[in-house]
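# Architecture at a glance
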Amino acid sequence: MTLPTHSAASVPSPSPSAPPAREGASLHGPVIAWYEANARDLPWRRPEAGAWGVMVSEFMLQQTPVTRVLPVYEEWMRRWPRPADLAKEPSGEAVRAWGRLGYPRRALRLHGAAVAITERHGGDVPEHHAQLLALPGIGEYTAAAVASFAYGQRHAVLDTNVRRVLARAVSGEQFPPNATTAAERRLARSVLPEDEDTAARWAAASMELGALVCTAKGERCESCPLSDRCAWRLAGKPEHTGPPRRAQTYAGTDRQVRGKLLAVLREALEPVPQATLDRVWHDPVQRARALDGLVADGLVEPLENGRYRLPGHRSFPPHQLR
C-alpha cells in the first residue's frame, strides 16, 4: 500500500502521537524490501552471533560508528564468546579491550551485565524484555533492541536513526528533538507492525535506512524507498525550527583528558605512578579533575604510593562461571 502523492501545499500534517494505521502500514513493505536488498553484512547480524553478540554490538554502537566498532567487536567476541567468559575476567580487562571506542563506562556496564547474566540466567542472555531491562547497564533502547534483533520480538526500537526516519517520513520534520519524547515513543509504537517477525524486520530496516540513506547530513532522497510519501520531502524539506541541535566537542575537554589517562593505563601491565599520568596533560587542575572522575566512575583504581591501575578482579563462585 502507498500513500497518494501530494503537492507541498496539500500535504497532511500527521499527528506525531497517533498517525493513521494505514500510514504506518504503507511504510513497512518498501523499507523492508529496501533493507533486504541493501543491508550491510555485519557480524552481529549473522545467526552465529547469537543474543550475546547482539548485546555486545548494541553497547559498542552507542554513539560510535560501525567502522570503529568492527575490529573491537571481532576481537571481543573471539576473546569472550559467552557472557561467562567475560564475567570471570577483571572488569579492568573489559576497559582495556574497549580501546579507543570512547565512553568507556559502557565497558564496565557490559561487564556488569555479563556478571548478572552469569549469576541470574545460567550464562544465557535472557529472552524476555523485562529480564533484559533488569540487567545492570541496560536501558529501554538496549532491552528492546536485543529482544527484537536477537529473539525476533515485537518492540519499538528507537535509536537516533529510527527517530530521524520517523520525524521526516511521518511528522514532516527535519530532525527529532534532542532527547527522546513520549510523543516519539507513541509514534514508534503506532507504526509498529502487528506481526512479530515483520516488526523485528521493520526495526532493523528502519534503523539501517537512517544510517545509510536518511542521514543527518546529506540525505539521499533519490535512493530512499519512502521518497514518494515522505512528509518532510513533500513539504519542501523545511529547515529545523526547534532548539539548536547539540554539537559534540572533544578537543580540550575533560573527555579528551580522561581518554589520554586511560590510554596510559590500558597499555600498562603494572600499576602506573602519578608522575607518569602527570605527563599526559599540561593543565594540572583539569588533569586532576579528569582522574578523579575516572576513579569515581570505577574506571580507575587508586593504589598505595600514588599509583593507579584499571579496576581489579571481582571473584565469583566457580559454578557461576561454567
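Because the structure is a prediction, the values reported are computed rather than measured.

Turning our attention to helix H5 (residues 91-98). Working note: α-helix, 3.6 residues per turn, so residues spaced by three or four point in the same direction. By the criterion of burial, H5 is predominantly enclosed, with 6 of the 8 residues buried. When H5 is considered as a whole, its buried residues turn out to be Ser-91, Gly-92, Glu-93, Ala-94, Val-95 and Trp-98. Taken together, the buried residues of H5 touch helix H2 (50-61), helix H3 (66-79), helix H4 (83-87), helix H6 (105-120) and helix H13 (254-267).

What follows is about helix H11 (residues 196-212). Relative to the 24 Å expected for 17 residues at 1.5 Å per residue, H11 spans 24 Å between its end C-alpha atoms, a close match to the ideal helical length. Listing the buried residues of H11 in full gives Ala-199, Ala-200, Trp-202, Ala-203, Ala-204, Ala-205, Ser-206, Met-207, Glu-208, Leu-209 and Gly-210.

Between two packed helices, the angle of one axis relative to the other and the distance separating the axes together describe the packing. Close contact between H5 and H6 brings their axes to 8 Å; oriented N to C, the two are set at 135 degrees. The orientation of H5 with respect to H6, classified from their angle, is oblique. Of the two elements, H5 crosses H6, and the hand of that crossing is right-handed. Contacts between H5 and H6 involve Ser-91, Ala-94, Val-95 and Trp-98 from the first element and Arg-106, Ala-107, Leu-108, Leu-110 and His-111 from the second. Of the residues contributing to the contact of H5 with H6, the split by class is 6 nonpolar, 2 polar and 1 charged.

Counted under the stated rule, the structure contains 3 aromatic pairs. Note on Trp-76 and Trp-80: the rings are 4.7 Å apart at their centroids and 75 degrees apart in plane angle, and the pair reads as edge-to-face. In terms of burial, Trp-76 and Trp-80 fall into one category: buried. Considering the side-chain rings of Trp-76 and Trp-98, the 5.8 Å spacing of their centres and the 80 degrees angle between planes classify their relative orientation as edge-to-face. Of this pair, Trp-76 sits in helix H3 while Trp-98 sits in helix H5; the two residues are 22 residues apart in sequence, bridging distant segments of the chain. For Trp-76, a relative accessible area of 1% puts it in the buried group. Residue classification places Trp-98 among the buried residues on the basis of a relative accessible area of 0%. Put simply, the rings of Trp-76, Trp-80 and Trp-98 touch in pairs and so form one group of aromatic residues.

Our next topic: the pattern of salt bridges. Following the criterion strictly, the structure yields 19 salt bridges and no others. A salt bridge links Arg-96 to Glu-93, with the nearest nitrogen and oxygen atoms 3.1 Å apart. With Arg-96 and Glu-93 both in helix H5 and 3 residues apart, the pair spans about one turn of that helix. Glu-93 gets classed as buried once you look at its relative accessible area, which sits at 17%. With a shortest N-O distance of 3.3 Å, Glu-219 and Lys-237 are connected by a salt bridge.

All right, on to the environment of Arg-258 then. Examined against the element boundaries, Arg-258 turns out to sit in helix H13. Using a relative accessible area of 16% as the deciding quantity, one classes Arg-258 as buried. Between the C-alpha atoms of Arg-258 and Ala-290, which are 32 residues apart in sequence, the distance is 5.4 Å. Excluding residues that lie within four positions of it along the chain, Arg-258 makes contacts with Arg-105, Ala-290, Gly-293, Leu-294, Asp-297 and Leu-299.

For the chain, per-residue confidence averages 89 on the pLDDT scale, and 89% of positions sit at 70 or higher. Confidence drops under a pLDDT of 50 for residues 1-18, and excluding neighbours within four residues, the segment shows 29 contacts in the predicted structure. Overall, residues 313-322 carries pLDDT values under 50, and its contacts beyond four positions in sequence, including any with other chains, amount to 18 contacts.

What follows concerns the side chain of His-155. As for its position among the elements, His-155 is in the loop between helix H8 (140-151) and helix H9 (160-169). You can call His-155 buried: its relative accessible area is 18%. Separated by 3.2 Å, the side chains of His-155 and Gln-153 make a polar contact. Leaving out residues up to four positions away in the same chain, His-155 has contacts with His-129, Ala-144, Ala-147 and Leu-192.

Parameters at a glance
Sequence positions are assigned chain by chain, starting from 1 and proceeding in written order. Thresholds applied to this predicted model are a pLDDT of at least 70 for local features of residues and 80 or more for the giving and counting of side-chain atom pairs; totals over whole chains, interfaces and linings are not thresholded and use all residues. For the side-chain quantities, the full set of heavy atoms in the structure was used; hydrogens and water were omitted. Exposed residues in this analysis have more than 50% of their type's maximum accessible area, buried residues have under 20%, and partly exposed residues fall in between, with area computed by a 1.4 Å probe over protein chains only. Helix and strand labels come from DSSP, where a helix needs a run of H or I of at least four residues and a strand needs a run of E of at least two; each type is numbered from the N terminus. Whether two residues touch is decided by their heavy atoms; if any such pair falls within 4.5 Å, the residues are in contact. Multiplying 1.5 Å by the residue count of a helix minus one yields the expected span of that helix. The angle between two axes is taken between their N-to-C directions and runs from 0 to 180 degrees, where each axis is a line fitted to C-alpha atoms and a helix contributes only its stretch in contact. For classification purposes, an angle smaller than 35 degrees is called roughly parallel, one larger than 145 roughly antiparallel, one from 65 to 115 roughly perpendicular, and anything else oblique. Left-handed describes a crossing whose near helix is turned anticlockwise from the far helix through less than a right angle; right-handed describes the clockwise counterpart. Residues are sorted three ways: Asp, Glu, Lys and Arg are charged, Ala, Val, Leu, Ile, Met, Phe, Trp, Tyr, Cys and Pro are nonpolar, and all the rest, Gly among them, are polar. Any Phe, Tyr or Trp ring, taking Trp's six-membered ring, that has another such ring centre within 6.5 Å forms a pair; planes under 30 degrees apart are called stacked, those over 60 apart edge-to-face, and the others tilted. For this document, the term salt bridge refers to a Lys or Arg side-chain nitrogen within 4 Å of an Asp or Glu carboxyl oxygen. As a per-residue measure, pLDDT reflects the predictor's confidence and takes values from 0 up to 100. Pairing of N or O atoms within 3.5 Å defines a polar contact, subject to two protein rules: one partner must be a possible hydrogen donor and the other a possible acceptor, and residues neighboring in sequence count only if both atoms are side-chain atoms.

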